[in-house]
Every structure is written in C-alpha cells, then in structure tokens.
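# Examining the three-dimensional arrangement
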Amino acid sequence: MEPILQVNELTGGYSPRRPVLHNISFEVRPGEMVGLIGLNGAGKSTTIKHILGLMKPQAGEVKVDGVTLEEETERYRSAFAYVPETPVLFDELTVEEHLRLTGMAYSVQDNQYEAREDELLKQFQMMPKRKAFASHLSKGMKQKVMIMNALLAEPPLYIIDEPFLGLDPLGIRSLLERLVEVKRKGAAILMSSHILSTVETYCDRFIVMHHGKVVALGTLEDVRQAAGMDMRGGSLEDAFYKLVTGGHVS
Amino acid sequence: MTPDQTLEKLWHRRAKAFREETMPYFRYMGQSGFPAFMSLIIISSAIGYINLIRHTPASFPFATVGVIAMTLVLCWSPLRTWLAAGDTVFLMPREAEMSGYLRLSFRYTTIACTLLAAIVLLLYLPIYNQGPAISGGWALALAAAALKAGNIWGAWKERQMTWPGMRRLMRLLRWTATALSLAVWLNCPVWQAAAFTLLIGILFGLLYRLPGRHRFPWERLIDEEARTRKRYYVFFGLFIDVPTLPSSIAKRPYLSWVLRAVSYSNRNTFVYLYTASLLRTEMGGIIIRLLLLGCLIIYWLADALLLSGYGCILVFGIFMGLIAVQLGGLRHIHRHSVWKHVYPMPEKQRAWQYLRVDRLAMLLCTALLWLFAALPLAFSGVYLPELAAAALALVYIGIRPARLRKKIIMDEDED
C-alpha cells in the first residue's frame, strides 16, 4: 500500500546555518497510527511544520498523498487535517461556526455535514457550548474544537500535535475512541505526544526523535532493539529513557 | 523605602514606559498631515462657534446642547492603571498595598478628564448666557465639579461590581442621572437643582452599596487597560503599521443573519470567515458607528439643502472614504493565520473571496449613505448632485478591487 505521508531525508530549520532537523526519513501508511516522541526541543513540532508546508525543507522532501506541496498544492493540503499543539481558533466564530467553516474548506458534503457536526458535538460533550465564542471557552474546550474540526474533515491523514494537553478525561477517551475508529476505516494518524503510556497502547509504530535526528523507528520491538534492550520486556518509556539519556542521567 | 513606595515607583516606571512606547507613533502621526487636518477642523469649528455666539437664534436648543455636551465629558471617567495580565501573579499578593498605586492612577486620569470637562463648560457658558442663563457660571462650575467627582466615584464602584449586567445597568443609570441633573441645573433655579442633585447623590450612594463587589477588581482593570492600549494602537494604525494586539469581539446578534445568509459551499469558505470578522471585530463596530453618524449628518445637510445640495454630497464622499479606509483593514485580520496555509484552497481563491466581501460591504455602506442624501434631495426637487455622487461612487467601487488586489500581492511579498 502506498504511504500517505513520506518524509525523505529532510533537513530543515529556521536558519540555513543551523538546521534543527538532520536528514530525517519516515513514512506513514493508511490504517496505521504512528507516535512521534521526543524531549522538548527534539524537533517534533518543526517536523510537523515542514509536513504542513509552513516551513520549506533545506534538503529532502515531504510527500503527502504521493505529491509534494509544490507539485499539487490542493491535493497535498486536502489529504490531511491538523490539530495544533496550542488551539488556534478564530475569536469571532462560535464553536458550530468553526465546524461549518471547516466543512466548507474541506468540501464536506452538505448532507453529511450536519450529521457529522451533531455527532461530534455530542461525542465531545460540546452540545451546550455550540453557540459559545472561542474566546469564552476553556483551554480544554478549545482543544476539543480543534479536534472536532479535524475529525469533521475525515481526511486520509491526521497530524496531531500534543492532543491531550488540557483535555478532560472524557475528552481524552472520546478522542482515542474516534482515532481508533478512523484508523479502522483506513485513515493514517501521526501523533506527537509526551504521554508515552497512551502512545504505547494506541500506536502501531513509533518515531523517536532526539536532537533533530530520528534515533529509533518502527514497532515497540524495533525501538527496544535500537535502545539496546533485550527483546523480552520493557515499556516504550524504558526504551525512550535509554535512547535519550544513553541509560544514565548526566 | 516602604512597600507602598516601591509600588508607586512601579507606577511611574510603567507610565514612562508607555510614553516611550507611544512616542515614535506620535511622531509618525505628526508627520502624516493629521495635525494640519485637525487644525483645519479646529479653525473652521472656531469660526462656526464665534458665529453662533454672535448670532444665536432664539430657537437654539440651549439646554439640550448643554446636557449632551456636558453629560459626555462629565460621565466619561476612564482609569489608566497600566495593569497587565501578569499582575494577577506578581502584584495580586500585594493587593493590600495597592492604594498608593491606585491613587496615582486616579490623579493622572482625573486631571485630564476634569480639564476636558472644564474646557467644554467654558465653551458652553457663552452660548448658555445668550439663552435662559438661569444658573450663574460659578454655580454651574460648582455643579459640574460635584457631578464629575460623583461620576469618578461611581465609575470606580461600577468597576468593583461582580456582575457585568449590574455594572452596565448602574452605568446607564449614572449617565441618565447625570443628564437629568444637568437638565435641572440648566432649566431650574439653583436651590431646586442643588436639592435634586443632592437627592440623586444620596440615592446613588445607597444604590452602590447593594450589588456584590470585589475589593480590588483586577480582571476588570486589566481588561480596561488592554482596551485603552488597543484604542491607542487602532488610532496609530491609521498612520503606520502597528503591532497587532488581540482584537476584542462583539457578538452583535442582530447581524448574525448576514452570516447565516452565506451559503454552505467551498467557494464561500473565506467569504464566511471574512464576513464573520467584519461583523464581529472592532473594525466592524467602527464601520457601523461611522455609517450611523454619516447617515445622520448627510440627512441633516441634505434636508437643509446646504450648498444647493452639494454640501451633503461632500460629506457623503468623506464618510465613504473613511469607511473605505476602515474596510481596507479587513485584509490584515487573518494575515498571519496558520489556517490560511493549511486549508486545501488555492491562494488566489482566498484573495478573490476576500474581495467579494469587501466589494459587497462597500456597496451596501455606500448605498445606505447615498440614500440618506438622495431621498431628501429628491423630495426637494434637486437631482443632479445625487446622480453625480452615485456615478462617482460606482466608479470608485468598480476600481477598488483591482487596487486592493495589488495591495494583497504587496502584503504577501512582504510576508
């Protein structure tokens, strides 16, 4: 199966002299959830920015749905939905107006839109807040709006940056349930998170980043092996700890 | 140095920082020709004012003008506190020591407001003396001083109130009571006016005790300070690019039908977004106010057939220009939004959809302003000025999108 996202030997950053990302490569295939993990400053958000097309690679390329952003901008962009680390909402729109805007932007069919909107509002317990303006929502609620917008678009790829920050327990559960569902339907998910136990439970493969490089890539076994652990046991957290500290805290 | 003094030093430091921050913008404003424009307005107003004093018509609404002008300057009681969001963390623990800090704020704003009220009163007194002149100048000055003091105290009590609804209600009551007191001072003998004002004062003294209130309304003051700061920057924004501050949003439910009228379709995505921005941001508020004021003035001038009907057309042109400038700001609103890049839509589509919103808004505003000129003129049998205005307005609306498109391309090159 063709990967929906391909990152090939990507080098990039804010200044050509000091790249943040060094020659990173990975791919995400339809129907899999991939966890992007690393310490603060490891380059996760920069990688995501390159995928979104907000930053230009200094070397290498990013392909979504088989094309680069320059080749076919619309095809590239309509293939994914993005949930940012910090909710970025329009203050002048209410919750349901945000959903409507997303529906328009991603050309969600009129007849499907209302049913999806209703379902999402119920699932994320946002029905009573549907007419509230973004500025009147708590941080967790704003995050829910971001997640609902991404889910409404039903794209083949979801790029989700730290989705659990500020979410209440019910929100986390609804999000994970929905992600499992969209994955079952064939969508791919690239999720960056620090909650390693959740990442371990839900993701099929992992990308471990450290100092702008991919230091481990693959299934839990692959990550353990990269960390020099034996194959019999140890959690993702143990392997991650070994990978980023070399097994000892300096 | 006592803790109070350190806070007072902080107040002075912040006031100085604000002065230094805004000084360059004042310089830009000075270079823009705005002072010349203002001088022109002041000179023409002064000529009008002197003419009015010399030949005041007997039918002049002496008391009404006085009540309106004085109510505005007596009731308006802002408070510069320089407080910012971080202060709930750093200054809140020292709330008990904040009285000295606050006193400086009161002194700073009271002096400016009182000066403004005094100027308006001094300008009004010669007009009033041509008319009924029931109360003497000194009595009116004393009354105005008392009312100003009462309003500053009342405005502070309102800031302390817990519930926004109650705060707004009390503000409305305060403005109404001040207007009533002024009306009594301008129309009735001094002893009656003094007794009335005293009664109102006692009533408000009791009323302000009722609602629940904060000892120190941190959030209210921080919000007020942010708004004031924003107004400065909106003003500077007329002359030069300024740092964008978070814009405040008004729901304006009476206009939400416009947003609902935008049909659900991919080619309306940015039409929807820009329409919402236009209706609900501060810029929309300014345009609505400009529109109302423009309609009113144009109607007056058209009804009076000033300069054979061309007077109102001149004002029509001025208001159309002001609205056009304000509306031009819409393109900056989502300039740095991440969604602009993420949404699967070509960049050209976004610009084109933005221009659709701009053109329709401009057309609607112009049509409304024009109607307020055209109808009274047509009833008086004058047709040429409004037809000429319509033709010029249509030409402008026709060429505006091309000019805006150029500006959008320039903006994108800059980004």
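Residues numbered from 1 in each chain as written. Chains lettered and ligands numbered in written order. Predicted model: local features only at pLDDT ≥ 70, side-chain atom pairs only at ≥ 80, totals over all residues.

## Quick word on the interface of chain B and chain A
- Of the residues lining the interface, 21 residues belong to chain B; the matching set on chain A comes to 25 residues.
- Counting only elements with at least two residues in the side of chain B that touches chain A, the list comes to α11 (269-280) and α15 (339-342) of chain B.
- If one sorts the elements of the side of chain B that touches chain A by residue count, α11(B) sits on top with six residues.
- Of the residues that constitute the side of chain B that touches chain A, the class distribution is eleven nonpolar, eight polar and two charged. (Contact = placed C-beta atoms within 7 Å. Helix = DSSP H or I, 4+ residues; strand = E, 2+ residues; numbered from the N terminus. Nonpolar A, V, L, I, M, F, W, Y, C, P; charged D, E, K, R; others polar.)

## Side note on the sheet that holds strand β1 (residues 5-12) of chain A
All names here are of chain A.
- Strand order in the open sheet formed by three strands is β2-β1-β4, and the pairing between neighbours is antiparallel. Looking along the sheet, the strands with just one partner apiece sit at the ends: β2 (21-28) and β4 (59-64). Pairwise comparison of adjacent strand axes, ignoring direction, gives a mean angle of 15° for this sheet.
- As paired strands, β1 and β2 are joined by five bridges and run antiparallel to one another. In the sheet register, Leu10 faces β2, and the bridge partner there is Ile24.
- Sheet contacts for helix α1 (residues 44-52): β1, β2 and β4; angle to β1, the most-contacted strand, approximately 115°. (Pairing = 2+ DSSP bridges. Axes fitted to C-alpha atoms, helices over the stretch in contact; angles between N-to-C directions.)

## What about helix α7 (residues 164-187) of chain B?
All names here are of chain B.
- The terminal C-alpha atoms of α7, which comprises 24 residues, lie 35 Å apart, in line with the 34 Å expected from a rise of 1.5 Å per residue.
- Along α7, the residues that are buried comprise Arg167, Met170, Arg174, Ala177, Thr178, Ser181, Leu182, Val184, Trp185 and Leu186.
- Summarising the contacts, the buried residues of α7 are in contact with α3 (62-75), α5 (99-130), α6 (137-160) and α8 (190-207). (Expected span 1.5 Å × (residues − 1). Buried ≥ 20, exposed ≤ 12 C-beta atoms within 10 Å, placed from the backbone.)

## Description of the environment of Thr64(B)
Residue and element names in this part refer to chain B.
- If you trace the backbone, Thr64 turns up in helix α3.
- A count of 11 C-beta atoms within 10 Å places Thr64 in the exposed class.
- Residues Thr64 and Tyr354, spaced 290 residues apart in sequence, show a C-alpha to C-alpha distance of 44 Å.

## Focus on the sheet that holds strand β6 (residues 157-161) of chain A
Residue and element names in this part refer to chain A.
- With respect to topology, six strands assemble into an open sheet ordered β5-β6-β7-β3-β8-β9, the strand pairing being mixed. Strands at the two margins of the open sheet, each flanked by one partner only, are β5 (80-83) and β9 (213-218). Pairs of neighbouring strands in the sheet enclose a mean axial angle of 15°, with direction left out of account.
- Two elements, β6 and strand β7 (residues 188-192), share five bridges in a ladder whose sense is parallel. Of the residues in β7, the one forming a bridge with Leu157 is Ala188.
- Running over the sheet, α1 touches β3 (33-38), β5, β6, β7 and β8 (205-210) and is turned about 145° from β6.
- Helix α9 (residues 236-245) contacts β3, β8 and β9 of the sheet and is inclined by roughly 25° relative to β8.

## With respect to the domain arrangement of chain B
- As far as domains go, chain B holds domain 1 (3-231) and domain 2 (252-414).
- For domain 1 of chain B and domain 2 of chain B, the distance between their C-alpha centroids amounts to 33 Å. (Domains from an automatic or database assignment.)

## As for unusual backbone geometry
All names here are of chain A.
- Although it is not a glycine, Glu9 sits at a positive phi angle of roughly 45°.
- Relative to the helices and strands, Glu9 is located in strand β1.
- Among the residues examined, Glu9 registers 12 C-beta atoms within 10 Å and is labelled exposed.

## As for the packing of helix α16 (residues 347-379) of chain B against helix α17 (residues 384-414) of chain B
All names here are of chain B.
- Their axes nearest at 10 Å, the elements α16 and α17 cross at an angle of 165°. Taken as axis vectors, α16 and α17 run roughly antiparallel relative to one another. Crossing of α16 over α17 shows right-handed handedness. Contacts between α16 and α17 involve Ala351, Leu355, Asp358, Arg359, Met362, Leu363, Thr366, Trp370, Ala373, Ala374, Leu377 and Ala378 from the former and Pro385, Glu386, Ala389, Ala390, Ala393, Ile397, Arg400, Pro401, Leu404, Arg405 and Ile408 from the latter. (Parallel < 35°, antiparallel > 145°, perpendicular 65-115°, else oblique. Left-handed = near helix turned anticlockwise from the far one by under 90°.)

## Quick word on the packing of helix α13 (residues 310-328) of chain B against α17(B)
Residues and elements named next belong to chain B.
- Between α13 and α17, the shortest axis-to-axis distance is 9 Å and the interhelical angle comes to 20°. Between α13 and α17, the angle falls in the class roughly parallel. Helix-helix and strand crossings are classified by hand; for α13 and α17 the assignment is right-handed. Contacts from Tyr310, Ile313, Phe316 and Met320 of α13 reach α17 at Pro385, Ala389 and Ala393.
- Of the residues contributing to the contact of α13 with α17, the split by class is seven nonpolar, no polar and no charged.

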